[in-house]
Amino acid sequence: MPEPAVPPTPPVPLSALLAREDLALRQIAGPTDADTVIHWAHTSEMADPYPYLLGGELLLTAGVHIPEAAGSGTYFDDYVARIVAAGGAALGFGLAPVHDTVPRALVAACEAYELPLLEVPPQTTFSGVARAVWQLMARARLAELRRVTEAQQSLAAAASRPDPVRAVLRQLAQRVGGWAVLYGPEGAEVASAGRVPKGAGSGVAGRAPEGTASGPAARAPEGTASRPTAQAPEGTASRPTAQAPEGTASGTAARAPEKTVSGALAGLAEVVRPSGPGTPTSAADTASGVHLAAYALGAGQGFVLGVAAPQRDPGDHTIASVAAVLLSLLTGEHQSGSGAARSSALVRLLLGAEPQAVAPLLGAGDWLVVHALPDIPPCDPVAASALGAALGSPLVDLARDVVRVLVPADREPSPQSGWTLGVSAAAAAPDWPAADAQAARALSRAKATRTPLLRHGTHRPALTDLLSPDEAEAHARTLLAPLTTPLSETLRTWLSLHGSWDRTAVALSVHRNTVRQRIARCAALLGTDLDDPDVRMELWFALRHIER
């Protein structure tokens, strides 16, 4: 599966940096707004740093660039104006070795342009200030990652409860501290949880969100529409591919002189409701100081998730995206009835029905069995569900060491980032157990050969195909009769990997000495020399026919 989405690195409040006693920074000009944040620290002695700033910086300078007659002209006004124009968040002026005090004209210019000005004492180095900024950012990022991880786990657990849709909405509302609502295909509210945050005013003018694509971990800025952040089944929203220029999303929010927060969110939901190829799949806006977001669910049936929160933290978009993926699966089942059909199939199997009798409930045609192993174990339910969505099937079994997915044969599995896949041949219901074994062997070989995806049985017609299958199988069973199942499986894997001890050990998850002992035991029981290529060929022939 794709790499797990993570929230962006959060900025650092300027107040937190000023609170560091080891830095001894002092603000001497500019507004003391608690909401002022900095994204990084940058040192420059350029008289015009504008071309080298990205915005959001704490610009540090020792005043080397200041000419002697700067105080009598417009030098400081021009200097500060350029910093503000570049989006600089604050200016730090270092005392010594060039200046003993901060120039009064610089203080006045920062006051005039409302740029926070910090006095950096001689004992505090600029590198120390930059390091403090990164330390604060790292702590904030770690805290946000923990919050997102806990939210993902709680959302996955909520999706397995008796009333999963409302449970997911309740958990989402709790995690963002606001209100979560599911809108149906006709725009009516299907379910909701939490409380509508109180806005800054009684009404708000509607504002059309500006379109922009966002990455899976990025939070869409205010008033933007973004591409979807999670992979969904075929025919649903897919992962983003590139960032789109501002204003590319189609559709506009409902405009009205005044509307409540809930009304604004309902209007934003209409923006992302599927209506054509150009419709954005997520959008954000602000109403009465409340942050709103809407996500078109991937089921393709017109369901929309709306979220209203009093603030917009960096990880909120990631948390809401996980909830949207889960709700996409849940609403897809509800709308199509496939969830009820799968439940019926399971009940009938448990009551003794044959697989071929319940297979029509899952859909017509043959099926593929896919065994998947995550590159970084263990695997959680969200990752397993996302893998099933990427392969185009909700029929996912999360086991302790492998994920199994039953995929319709007309959907060709493709390699998935972060996973190693083994795919069986297409099989009808009576042959599913054999297909399961094929997928397991394909996964073992894929692991040993470090292949992202390996399919079973992809070979050209061979001489063995000219023989009678029944006679070949009878000969194979007679030849391999002395071997137990573990020994024959070890021999099959060892032969398939050209006698490599190390790769066989990796494929079977055993020690290489265990492989040597088993192969030696096979040679003794069969009474043959496994170094003889003719013997190896005959044994491989036999193993292949028993496998069939």
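Quick notes on the rules
Residues numbered from 1 in each chain as written. Predicted model: local features only at pLDDT ≥ 70, side-chain atom pairs only at ≥ 80, totals over all residues. Heavy atoms only, no water. Buried < 20%, exposed > 50% of the residue type's maximum accessible area, 1.4 Å probe, protein only. Helix = DSSP H or I, 4+ residues; strand = E, 2+ residues; numbered from the N terminus. Pairing = 2+ DSSP bridges. Right-handed = clockwise from strand over helix to strand, strands pointing away. Axes fitted to C-alpha atoms, helices over the stretch in contact; angles between N-to-C directions. Contact = heavy atoms within 4.5 Å.

Asker: Outline the pairing of strand β6 (residues 90-94), listing residues and values.
Answerer: Burial of β6 is extensive: five of the five residues sit out of reach of the surface. Of the two faces of β6, both are covered, the one formed by Ala90, Gly92 and Gly94 as well as the one formed by Leu91 and Phe93. Two strands pair when backbone bridges link them, and strand β5 (residues 57-61) and β6 are joined in this way by four bridges, in the parallel orientation. In the sheet register, leucine 60 faces β6, and the bridge partner there is glycine 92. Of the crossover connections in this fold, the one passing from β5 over helix α2 (residues 75-85) to the parallel β6 is right-handed.

Asker: Go over the sheet that holds β5, please, and point to the residues and values.
Answerer: Pairing is mixed in the open sheet, where five strands are placed in the order β2-β7-β6-β5-β4. Lying at the two open borders of the sheet, with one neighbouring strand each, are β2 (26-29) and β4 (40-43). Averaged over neighbouring strand pairs, the angle between their axes works out to 30 degrees when direction is ignored. Here β2 runs beside strand β7 (residues 117-120); their pairing, made up of three bridges, is antiparallel. Bridge pairing in β7 links arginine 26 to glutamate 119. Seen against the sheet, helix α3 (residues 104-113) touches β2, β6 and β7 and runs at an angle of roughly 80 degrees to β2.

Asker: Residues and numbers for unusual backbone geometry, please.
Answerer: Residue proline 97 is bonded to the preceding alanine 96 through a cis peptide linkage, with omega at 5 degrees. Inspection of the secondary structure assignment puts proline 97 in the loop between β6 and α3. The residue alanine 24 is not glycine, and still its phi comes out positive at about 60 degrees. Tracing the backbone through its elements, the reader meets alanine 24 in the loop between α1 (14-18) and β2. On the accessibility criterion, alanine 24 (35% relative accessible area) is partly exposed. Positioned with a positive phi, alanine 96 is a non-glycine residue whose angle comes to about 70 degrees. Here alanine 96 lies in the loop between β6 and α3.

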